[in-house]
Every structure is written in structure tokens, then in C-alpha cells.
Amino acid sequence: MSRICIVYSTTDGHTLEICPRIQQVLEHEAHWIELMAIEQASGIDWTRCDKIVIGARIRYGKHHPDVRAFIDRHLERLQQRPSAFFSVNVVARKPGKDTVAGNPYLQKFLKTILWKPTELAVFAGKIDYRRYGMVDRLMIRFIMWLTKGPTQPDACVDFTDWQAVADFAGRVARM
Ligand SMILES: Cc1cc2nc3c(=O)[nH]c(=O)nc-3n(C[C@H](O)[C@H](O)[C@H](O)COP(=O)(O)O)c2cc1C
């Protein structure tokens, strides 16, 4: 049995929705899970963390700066144990962009950090116009129009491949 910390960075909640699926798989394999928002993770107790998973959403091309700050601050601890990172973005709904090698955000991010996670994944996220403020809704609808995604003003589409999430969790269990 391992104690596994899952740290998430979310704005609209979808990255947090992905975490319980990972947690479910890991708990099924008898691991003990602690889930925490990145905003609360600065005081993480590393003695209770045999492995760590960090999940982060993309907005306007970037993960939240807190993600990079956490990685930089805890680099040594991250390198000392099995670790995993997943990125959530809607570009990953496109075939070819849904892989670690093919997702431009993940690739760019990996070049900016020294951490080398044991496991990596990218998951397509969710579009839910009802949640967004006026400017964000306009921007995202425009981007979706350009990239042939959903544009109806009240569209709510979950693009996540939940089997891929479960497969990733299985790899985390084995790492
Ligand atoms: C304001 C805004 C900006 C976004 N920018 C991007 C982007 O640049 N590239 C992308 O692939 N997805 C982008 N997305 C899609 C998000 O990555 C997707 O909605 C994800 O599920 C959000 O995760 P969260 O609910 O955990 O915050 C954006 C979404 C919003 C609302």
C-alpha cells in the first residue's frame, strides 16, 4: 500500500472531477489517497506522501503559475519519489493532440521545468459556457468556432476520455 497525494489546479472544476476517478482506481488497489488543491499544497507533509500526482488545467495557453511555483519549490521532493503529471485542455479533444508527444501545451510546459515525472498524461477537458463570464465565453466561443468545436451559447460538452483517465491511474498505481 502506498500513500499517494493528488494535487490539482482547477478554475472551473473539471480537473477536480478527474481526480476522484483516479482516486477510485487507486483506492481499489488499496492505496491511501490525499487530495488537495494546489493553493493548499504549500504545507504538504512529504512524510505522508510516497508518490505524488499533479493535475492542472490550461487557460489561455498556460497552466496556472501556482503549478510551476509548486514544482520549482518542491523539485527535490518530487524527484525523490515516483511522480506523475497530467494536463487538461480542450486542444486534446483533437486526434494527435491527445498524446503526451502531440500535445503542444504539455510539451512546452515540460521544457520549462526540471522535474521529470515518472508518468505523464493529457486529457481533453470540458466546455461549459454557462459557467464563464462574458469575456471568457466570447473568447472561447470564438476559438471553438475557429477550431470547429461547440459554439451554442449554452453548450456543455465533456470531452474527457474517462477510460484514458482510468488507464493513467493504473499506471500511477504501478509506478
Ligand atoms: C477562459 C478559458 C480559456 C481556455 N483556454 C484554453 C486554451 O488556451 N487551450 C485549451 O486547449 N483549452 C483552453 N480552455 C479549456 C480548458 O482547458 C477546459 O475547459 C478545462 O476543462 C478547464 O479545466 P478546469 O475546469 O479544471 O478549470 C480554456 C477554457 C476557458 C474557460
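Residues numbered from 1 in each chain as written. Predicted model: local features only at pLDDT ≥ 70, side-chain atom pairs only at ≥ 80, totals over all residues.

**Q** Looking at this structure, how should I read the site of the ligand?
**A** Around the ligand, 21 residues are found, and the nearest of them are Asp12, His14, Arg57, Asn89 and Gly125. For the shell around the ligand, the residue count by class is eight nonpolar, eight polar and five charged. Formed jointly, the shell around the ligand draws a minimum of three residues from each of two domains, domain 1 (3-125 + 160-174) and domain 2 (127-159). (Near = placed C-beta within 6 Å. Nonpolar A, V, L, I, M, F, W, Y, C, P; charged D, E, K, R; others polar. Domains from an automatic or database assignment.)

**Q** Is there a simple way to think about the sheet that holds strand β3 (residues 51-57) in this case?
**A** Whether parallel or antiparallel, the strands of a sheet pair through hydrogen bonds between backbone atoms. Taking strand neighbours across the sheet as the criterion, the five strands line up as β2-β1-β3-β4-β5 in an open arrangement whose pairing is parallel. Looking along the sheet, the strands with just one partner apiece sit at the ends: β2 (32-37) and β5 (119-124). Adjacent strand axes in the sheet meet at a mean angle of 15° when their direction is disregarded. Contacts between helix α1 (residues 14-28) and the sheet are confined to β1 (3-9), β2, β3, β4 (83-89) and β5, with β1 contributing the most and set at about 170° to the helix. (Pairing = 2+ DSSP bridges. Helix = DSSP H or I, 4+ residues; strand = E, 2+ residues; numbered from the N terminus. Axes fitted to C-alpha atoms, helices over the stretch in contact; angles between N-to-C directions. Contact = placed C-beta atoms within 7 Å.)

**Q** Where do I start with the nonpolar core in this structure?
**A** If you look at soluble globular proteins, the nonpolar side chains tend to sit buried side by side. By size, the foremost hydrophobic cluster in this structure holds 39 residues, and its most contacted members are Ile6, Val7, Ile22, Val53, Phe86 and Phe123. For this core, the secondary-structure elements that each account for two or more residues are β1, α1, β3, α2 (65-73), β4, β5 and α6 (162-174). (Core = buried A, V, L, I, M, F, W, Y, C linked by C-beta atoms within 7 Å. Buried ≥ 20, exposed ≤ 12 C-beta atoms within 10 Å, placed from the backbone.)

**Q** Even after reading the chapter, I still don't get unusual backbone geometry, so can you show me in this structure?
**A** Keep in mind that most residues, glycine aside, have a negative phi and that most peptide bonds are trans. Notably, Ala30 is not glycine yet its phi reads approximately 70°, a positive angle. Structurally, Ala30 can be placed in the loop between α1 and β2. Despite not being glycine, Tyr60 shows a phi value in the positive range, around 45°. As for its placement among the helices and strands, Tyr60 is situated in the loop between β3 and α2.

**Q** I keep staring at the domain arrangement of the chain and nothing clicks. Help me out?
**A** Bring the parts together and some accessible area is lost; that lost area is often taken as the interface size. Annotation of the chain at the domain level lists domain 1 (3-125 + 160-174) and domain 2 (127-159). Using only C-alpha atoms to locate each centre, domain 1 and domain 2 end up separated by 24 Å. On the side of domain 2, six residues touch domain 1, which itself brings six residues to the contact. The class makeup of the residues in the side of domain 1 that touches domain 2 is two nonpolar, two polar and two charged.

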